[in-house]
Amino acid sequence: MSVISFLAQYQLDIMMVLSGICGATETATTTAADGTKTTVVTTEKAVETTDGSTGKVVSDESGKVVAVEAKVSETAAESAAKSGETVTLPVTVAAAQSAADATAVAITVPKAAESVKVEIPVEDVKPGTVAIIVHEDGTEEIVKTSTTSGNGVVLALESGASVKVVDNTRTFNDVSGSEWYADNVTWAASREVMNGVSPRYFAPSADTNRAMVAQILYNLDSGKADGAIPTFTDVSANDWYADSVTWAVSNGVARGEGSSFGANDAVTREQLAVMLYNYADMKGYRTSDRGDMSRFADNGRTSSWATDAMAWAVGVGILNGSENADGSVSLNPQGNASRAQVTAMTERFCGKAAK
């Protein structure tokens, strides 16, 4: 167990001691049609926190977890909404190697809550640890906007949900674990927000083009393209990005460049900020934050049409700038955004801007 996992478990154990914990053992015997009897012994561990949230983990006699439940109290939900913080569920799970092997966490949130960010504590959490929603019809879907903390997986819920936690880590030959962007790439690839250029290579230093950004945001939204394909000279029905460009244009996330979309043009950092800002506005996320742009040495290079979006990106922490040799910090608004930089900005967007 890692130091982080140990501390997380220690904090949870202390919370249980302070809040109240109880356990119970139950024995049930079932009889099959042929008369064969099967006895199952289960152990239930339940906890209630001081704010009224509850958690329950049920294990069989071998120690395997067979059921997990967590309920967020109205007090916890209201407090989180006011502070902008997450509600940590009073249960800890291990990430399974596949969805088929995972035990779903049945999470209940107050019906009055618009959206609650919850953290599911996970043993040995990794950037590639993902949350998977199990829909009522049995279909499963990765929560692409979920992020990871040092303690677990964080996702926003507007209603109760059945959630599996899985280690979906993807690795690439050209992404070393020592690189600054390694965790960002793992986050994006494991959530299927951004794929590699091949199964083995991600091309982190390559430029990201506008079609790729449209596809990334389309993936985040898990949306469907409605309507006719825009009449751009560089977008046809057979292009891999046709649906994502159609979605982006019809939802006001991106616009064309005259008669073309500029699908294969490298996206600049300010263009990326504008597309993220437009997407946040489309989703109803808060876009009122503004950062101090005057502290950047190249602030005057930001295009007028991108000023609001860049200030917003700085204000919420999506764009941080880079330090120059003289100690000043630059945003490089018109510089091309590499694929690695896009994974970092997209992950920050999900963690800091998305509800």
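All of these numbers come straight from a predicted model, not from anything done at the bench.

Focus: the pattern of salt bridges
A side chain with one charge can pair with a side chain of the opposite charge if their charged atoms come near. Scanning the model with the defined rule gives 8 salt bridges in all. Note that aspartate 167 and lysine 126 form a salt bridge whose closest N and O atoms lie 3.4 Å from each other. Here aspartate 167, found in strand β13 (residues 161-167), pairs with lysine 126, found in the loop between β8 (116-123) and β9 (129-134); they are 41 residues apart in sequence, far enough to count as distant. For aspartate 167, a relative accessible area of 15% translates into the label buried. Note that arginine 210 is salt-bridged to glutamate 257, the shortest N-O span being 3.7 Å. With a gap of 47 residues between them, arginine 210 in helix α4 (residues 210-221) and glutamate 257 in the loop between α5 (242-250) and α6 (269-283) connect regions that are remote in the sequence.

As for the layout of surface pockets
Considering only enclosed or pocket space, the largest pocket measures out at about 800 Å³ in volume. Lining of the largest pocket is provided by 26 residues; of these, Ile133, Val143, Thr145, Ala156 and Leu157 occupy positions nearest its centre. When contributions to the lining of the largest pocket are tallied by element, the ones reaching two or more residues are β9, β10 (140-142), β12 (152-157), β13, α4 and α6. In terms of residue count, the dominant contributor to the lining of the largest pocket is β12 (3 residues). Tallied by class, the residues present in the lining of the largest pocket amount to 11 nonpolar, 7 polar and 8 charged. In this model, the second largest pocket occupies a volume close to 680 Å³. Along the wall of the second largest pocket there are 23 residues; nearest its centre are Ala80, Ala81, Gly84, Ser115 and Lys355. If you list the elements that add at least two residues to the lining of the second largest pocket, you get α2 (74-83), β8, α7 (307-316) and α8 (339-352). When residues of the lining of the second largest pocket are assigned to their parent elements, the largest contribution, 5 residues, is made by α2. Looking at side-chain class alone, the lining of the second largest pocket contains 11 nonpolar, 3 polar and 9 charged residues.

Re the packing of α4 against α8
Across the interface, α4 lies against α8 with an axial gap of 12 Å and an inter-helix angle of 30°. In terms of orientation, α4 lies roughly parallel with respect to α8. The handedness of the crossing between α4 and α8 comes out as right-handed. Along its contact with α4, which presents Met212, Ile216 and Leu220, the element α8 presents Arg339, Val342, Thr346, Phe349 and Cys350. Residue classes in the contact of α4 with α8 are distributed as 6 nonpolar, 1 polar and 1 charged.

Remarks on the nonpolar core
Grouped together as the largest cluster of nonpolar side chains are 59 residues, with contacts concentrated most on Leu217, Leu272, Leu276, Trp312, Ile318 and Phe349. Listing elements by their share of this core, those giving two or more residues are α3 (182-190), α4, α5, α6, α7 and α8. Ranked by residues supplied to this core, first place goes to α6 with 8 residues. In this structure, Ala76, Ile107, Leu157 and Ala161 belong to the second largest nonpolar core, which totals 28 residues.

Examining the side chain of serine 244
By the element assignment, serine 244 lies in helix α5. Dropping the residues within four chain positions of it, serine 244 is found in contact with Ala211, Ala214, Gln215 and Tyr218.

Section: the pairing of β13
Burial analysis of β13 places 6 of its 7 residues in the buried class, the great majority of the element. Bridging between strand β7 (residues 105-108) and β13 involves 3 bridges; their strand directions are antiparallel. Bridge pairing in β13 links valine 105 to valine 163. In this sheet, β13 lies alongside β9 in antiparallel orientation, the contact comprising 6 bridges. Following the sheet pairing, threonine 129 is matched in β13 by aspartate 167.

Section: the environment of aspartate 289
Note on placement: aspartate 289 falls in the loop between α6 and α7. Aspartate 289 gets classed as partly exposed once you look at its relative accessible area, which sits at 22%. A sequence separation of 28 residues divides aspartate 289 from glycine 317, and the C-alpha atoms of the two residues are 10.0 Å apart. Among all residues touching aspartate 289, those that are not within four sequence positions of it are Ala311, Trp312, Gly315 and Val316. A polar atom in the side chain of aspartate 289 sits 2.7 Å from the side chain of arginine 286.

Basis of the calculations
- Counting of residues starts from 1 at the beginning of each chain's written sequence and follows it residue by residue.
- Side-chain atom pairs in this predicted model are given and counted only at pLDDT of 80 or more, local residue features only at pLDDT of at least 70, and totals for whole chains, interfaces and linings cover all residues.
- Calculation of side-chain values draws on the structure's entire complement of heavy atoms; hydrogens and water are dropped beforehand.
- We define a salt bridge as a side-chain nitrogen of Lys or Arg found within 4 Å of a carboxyl oxygen belonging to Asp or Glu.
- Numbering of helices and strands starts at the N terminus; helices are DSSP runs of H or I of at least 4 residues and strands are runs of E of at least 2.
- Only protein chains enter the area calculation, which uses a 1.4 Å probe; residues under 20% of their type maximum are buried, those over 50% are exposed, and those in between are partly exposed.
- For each structure, a 1 Å grid was placed over the protein atoms alone; sets of points admitting a 1.4 Å probe that cannot get out are labelled cavities, open sets with protein on both sides within 12 Å along at least five of seven lines are labelled pockets, and lining residues have an atom within 4 Å of a point.
- Grid points are joined across faces, edges and corners, and a volume is the space filled by probe spheres set on the points.
- In this classification, Asp, Glu, Lys and Arg are treated as charged, Ala, Val, Leu, Ile, Met, Phe, Trp, Tyr, Cys and Pro as nonpolar, and every other residue, Gly included, as polar.
- To obtain each axis, a line is fitted to C-alpha atoms, and for helices this fit is confined to the stretch in contact; angles are then taken between N-to-C directions over 0 to 180 degrees.
- Oblique is the label for any angle not covered by the other classes, which are roughly parallel (under 35 degrees), roughly antiparallel (over 145) and roughly perpendicular (65 to 115).
- It is the rotation of the near helix from the far one that decides the hand of a crossing: anticlockwise by less than a right angle makes it left-handed, clockwise makes it right-handed.
- Residues count as neighbours in contact if any of their non-hydrogen atoms are within 4.5 Å of one another.
- Only buried Ala, Val, Leu, Ile, Met, Phe, Trp, Tyr and Cys residues count toward a nonpolar core, and they belong to the same one when joined by side-chain atoms within 4.5 Å.
- The pairing criterion for strands is at least two bridges between them, as found by DSSP.
- Any N or O atom pair separated by 3.5 Å or less is treated as a polar contact, with the protein-specific requirement of one donor-capable and one acceptor-capable atom, and with residues adjacent in sequence counted only for side-chain atom pairs.

So, to be careful, I would describe these as geometric facts and stop short of saying anything about function.
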